[in-house]
Amino acid sequence: MIDIKLIRENPELVKKNCERRGCDVDIDALVKIEKEHRSTIQKIEELRADRNRLSKECRDNPDARVKVKEIKEELATLEQQQARIEKELDVSLFWLPNLLHPAVPDGDGDDANFELRKEGTVPEFSFKPRDHQELGELLDIIDTKRGAKVAQSGFFYWKGKGTQLCNALFFWTQQQLINSGFTSFMTPCVAKEKTLFGTGYLPFCAAETYALEDENLALIGTSEQTLVGYHADETLNPEEMPLRYCAFSPCFRTEAGSYGKESRGIFRVHQFHKVEQIIFCMPEDAEKCHDECLVNEEALLKALEIPYRVVDVCVGDMGAPGYRKYDIEAYFAGYGGYREVTSNTNLTDFQTRRLNIRYKGKDGSKGLVNTISATAVTDRVAIAIMENNQLEDGTVLIPKALQALTGFDKIEPGK
RNA sequence: GGAGAGGUGGCUGAGCGGCUUAAAGCACAGGUUUGCUAAACCUGGGUACGGGUAACUGUACCGGGGGUUCGAAUCCCCCCCUCUCCGCCA
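Quick notes on the rules
- Residues numbered from 1 in each chain as written.
- Chains lettered and ligands numbered in written order.
- Predicted model: local features only at pLDDT ≥ 70, side-chain atom pairs only at ≥ 80, totals over all residues.
- Heavy atoms only, no water.
- Helix = DSSP H or I, 4+ residues; strand = E, 2+ residues; numbered from the N terminus.
- Buried < 20%, exposed > 50% of the residue type's maximum accessible area, 1.4 Å probe, protein only.
- Contact = heavy atoms within 4.5 Å.
- Salt bridge = Lys/Arg side-chain N within 4 Å of Asp/Glu carboxyl O.
- Core = buried A, V, L, I, M, F, W, Y, C linked by side-chain atoms within 4.5 Å.

Caption draft 1: How the structure looks around the overall build of chain A. For chain A, the count of helices and strands is 13 helices and 17 strands. Seen through its principal axes, chain A has C-alpha atoms that stretch 95 × 45 × 40 Å. Within the span of chain A, comprising 415 residues, buried residues form 49% of the whole. The contacts of chain A with a sequence gap of at least 6 include a subset with a gap of at least 24, amounting to 73%.

Caption draft 2: Here's a closer look at the pattern of salt bridges. According to the stated counting rule, one finds 23 salt bridges in the structure shown. Its salt-bridge partner being Glu329, residue Arg309 comes within 2.9 Å of it at the nearest N-O pair. One end of the pair, Arg309, is in strand S10 (residues 308-312); the other, Glu329, is in strand S11 (residues 324-332), with 20 residues separating them in the sequence. Overall, the relative accessible area of 18% leaves Arg309 in the buried class.

Caption draft 3: Region of interest: the nonpolar core. With 52 residues, the main nonpolar core has Ile142, Trp158, Ile306, Val381, Ile383, Met386 and Leu402 as its most contacted residues. Residues in contact with Ile383, not counting those within four places in the same chain, are His132, Ile142, Trp158, Ile266, Phe267 and Phe332. Core analysis: the second largest hydrophobic core is formed by 15 residues, Phe185, Leu243, Tyr245 and Val369 among them.

So this is what it looks like as structure tokens:
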């Protein structure tokens, strides 16, 4: 949600922002409704002031009672009107996207993302490299067929050494982040509607959400939801920020409408696993913290010897809550190109305004905290390792960084 | 799952229709004094949204939502949450 004052005082800025976003909210109408909203409230407050004043006289002045009764009726009508206006206003506000960083590239989709840099060496093969689906079956470490049998298409099993690789990857990643000053969490895997709304997943990603029947709960799409929601309705101390949090969790997404080549294997599934980084910071530190998360992501991929490129995500490929976003795309040898493995978003105060997360300094300064939400690693990193580190017979070599935790240095067919 | 007790400011906790502008204590901030890893005393408070150049001022907020009333933290209804005991359980 963006600041209503900003919309009131600088509607042109918000209008331009919506245009860039390709979002057709009528700002003029919104401003008009907001004005009506305020004037109605003012009328109501004046009437209430009269009522409060008069009702004190009521004990020994019967005339006042009659008057207050009249005010009461008048109030009832106005309050009803006000509720209607407020609802209309809220709906428009809830759908309004965040502002954009001036440097965000224009464009409709991921082909307009701006490449900032390429790192690492793309592996070369004397044979045609297999993709992770083929390798997973050959090595008996990924089972999508039984995932579909037991749950549904789009769910899968990690098995044997594949599981061990993932456990090592996720544990190692959390250790790296803890060494960088992060506090690790295990969070609930469900969250209330209020939490999903507050983090911006509702109303924007309603179709992506697995809601629980007969409960006001949904499976989390990411631990961002539960980590950011952790501080809802709290006032944080500027001296204790930035707060760096990480969590490992499963992530559930319906992935409505995705299909085709991109969904082969486990690249896009209904349940994946992720170590997430969240930073709560002062507004003036948001860009610095955003960069810090990117540094962490890159350090992890470098240590795992995975080639990648960093892109500055364009308007059309960025979610409504985002102010600026960097994606990292790792090289996948079996796929033969770069594919998204992490995304790192500066959300400014979009989430904290909805969730009411404030700061208050000793000097009396106060305002809304800013949040950064960034992937550390997911299963996709494990499959990048598989595709890039394969030998002709399908053997996959484990990166040195993980060998102490896996307890083996390769996964071979039939073993 | 069964039974009971509760939800009041940063915290503890009183208030149970209008003397509440929410007591008191703790904590916090400022000050005074005596002193030396502190104590005593005095003073001061919240949040949100409006109005005003301002000093100031209005409204709302006692878990949430309805209701009764001229007037609700207080009475009534519904919901949510927490705690204790019993049962079950990794």
